Amino acid sequence: MDAYLAIISKREVRSYSDTPLADDALTRILQAGRATGSSRNRQEWEFIIVRGQDALTRLAETVSAPDNVRGCQVAVAVVLTGQPDWDGGRVAQNMMLAAWADGIGSCPNTPRDRDACYRILGVAEDAQIATLISLGYPQRPIRVDSDPDAILRRINRKPLAELVRYVE
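Rules used in this analysis
- Residues numbered from 1 in each chain as written.
- Predicted model: local features only at pLDDT ≥ 70, side-chain atom pairs only at ≥ 80, totals over all residues.
- Heavy atoms only, no water.
- Axes fitted to C-alpha atoms, helices over the stretch in contact; angles between N-to-C directions.
- Helix = DSSP H or I, 4+ residues; strand = E, 2+ residues; numbered from the N terminus.
- Left-handed = near helix turned anticlockwise from the far one by under 90°.
- Contact = heavy atoms within 4.5 Å.
- Nonpolar A, V, L, I, M, F, W, Y, C, P; charged D, E, K, R; others polar.
- Buried < 20%, exposed > 50% of the residue type's maximum accessible area, 1.4 Å probe, protein only.
- Polar contact = N/O pair within 3.5 Å; in protein donor to acceptor, adjacent residues only side chain to side chain.
- Core = buried A, V, L, I, M, F, W, Y, C linked by side-chain atoms within 4.5 Å.
- Salt bridge = Lys/Arg side-chain N within 4 Å of Asp/Glu carboxyl O.
- Disulfide = S-S within 2.5 Å.

(A) View of the packing of helix α2 (residues 23-34) against helix α5 (residues 87-101). Between α2 and α5, whose axes approach to 8 Å, the crossing angle comes to 145°. Considering only the axes of α2 and α5, their crossing is right-handed. Counted together, I29, L30, A32 and G33 of α2 and V91, N94, M95, A98 and A99 of α5 form the full contact between these two elements. Looking at the contact of α2 with α5, its residues break down into seven nonpolar, two polar and no charged.

Okay, here's the thing in structure tokens:
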């Protein structure tokens with residue numbers, strides 16, 4: 001799948017199959033995060049991987065949408081270790097697009113009970129979780145239309161004309 005098609009077709013997946021996420025697939029997703037551009041190339045982030053039903057269940061109780069985490073195969077916490085900035089969102093988006101391109105679903109999440117979430121993940125008090133990403137093969141297979149114009153006609157987004165202004 002080319003980058004443009006991955007970007008415009010990407011949808012959140014909240015229902016996952018029981019198929020374990022392959023280690024090489026997870027590595028590709030993590031590499032996509034690692035390769036993200038960084039403000040002043042500081043790369044002030046770390047990725048905490050949560051696997052196993054017990055750990056995922058404990059983590060689920062601390063986030064805004066617990067079912068997304070309970071049902072996934074792997075959760076990745078994107079943790080900003082330096083001064084918080086916009087890099088966390090860039091990292092998460094790269095990871096989720098890489099997953100999508102490989103047929104893996106994802107959905108971002110956020111801590112609801114910050115103290116419990118940080119304690120479970122072992123996140124330092126001076127760090128910040130930018131997002132938690134649930135990952136897994138979708139319960140229903142991803143079918144991506146190869147026609148970008150057809151995708152853009154179907155998605156529920158404001159028309160480009162309402163979003164763009166030119167200054168000359």
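(B) Quick look at the side chain of D87. One can find D87 in helix α5. The class of D87 is buried, set by a relative accessible area of 3%. Side-chain polar atoms of D87 contact the side chain of S38, separated by 3.4 Å. Not counting residues within four places of it along the chain, the set of residues in contact with D87 comprises G37, S38, S39 and W45.

(C) Spatial organisation of the nonpolar core. Among the nonpolar cores identified, the biggest contains 25 residues, and L59, L121, V123, I129 and L132 are the most heavily contacted of them. Elements represented by at least two residues in this core include exactly β1 (45-51), α3 (53-60), β2 (74-80), α5, α6 (114-121) and β4 (128-136). Sort the elements by how many residues they give to this core and α3 lands first, with four residues. Those residues in contact with L59 that sit more than four places away from it in its chain are V50, V69, A75, C117, I120, L121 and L132. A25, W45, V74 and I104 belong to the second-largest nonpolar core, a separate cluster that totals 17 residues.

(D) Structural detail: the pattern of salt bridges. Using the criterion set out here, one finds seven salt bridges in the structure. Linking D23 and R51 is a salt bridge whose minimum nitrogen-to-oxygen distance equals 3.0 Å. Linking D23 in helix α2 with R51 in strand β1, this pair joins segments that are 28 residues apart in sequence. D67 serves as the salt-bridge partner of R70, at 2.4 Å between the closest nitrogen and oxygen. Remark: D67 and R70 occur in helix α4 (residues 66-70); sequence separation between them is three residues, near one turn of the helix. Taking relative accessible area as the criterion, R70 reaches 30% and is therefore assigned partly exposed.

(E) Structural detail: the state of the cysteines. Tallied over the entire structure, the rule returns zero disulfides. Left without a disulfide partner, C107 is nearest to the cysteine sulfur of C72, which lies 9.9 Å away. Look at C107 and you get buried, because its relative accessible area is 4%. Residue C117 stays outside any disulfide, its sulfur separated by 13 Å from that of C72, the closest cysteine. Overall, the relative accessible area of 0% leaves C117 in the buried class.

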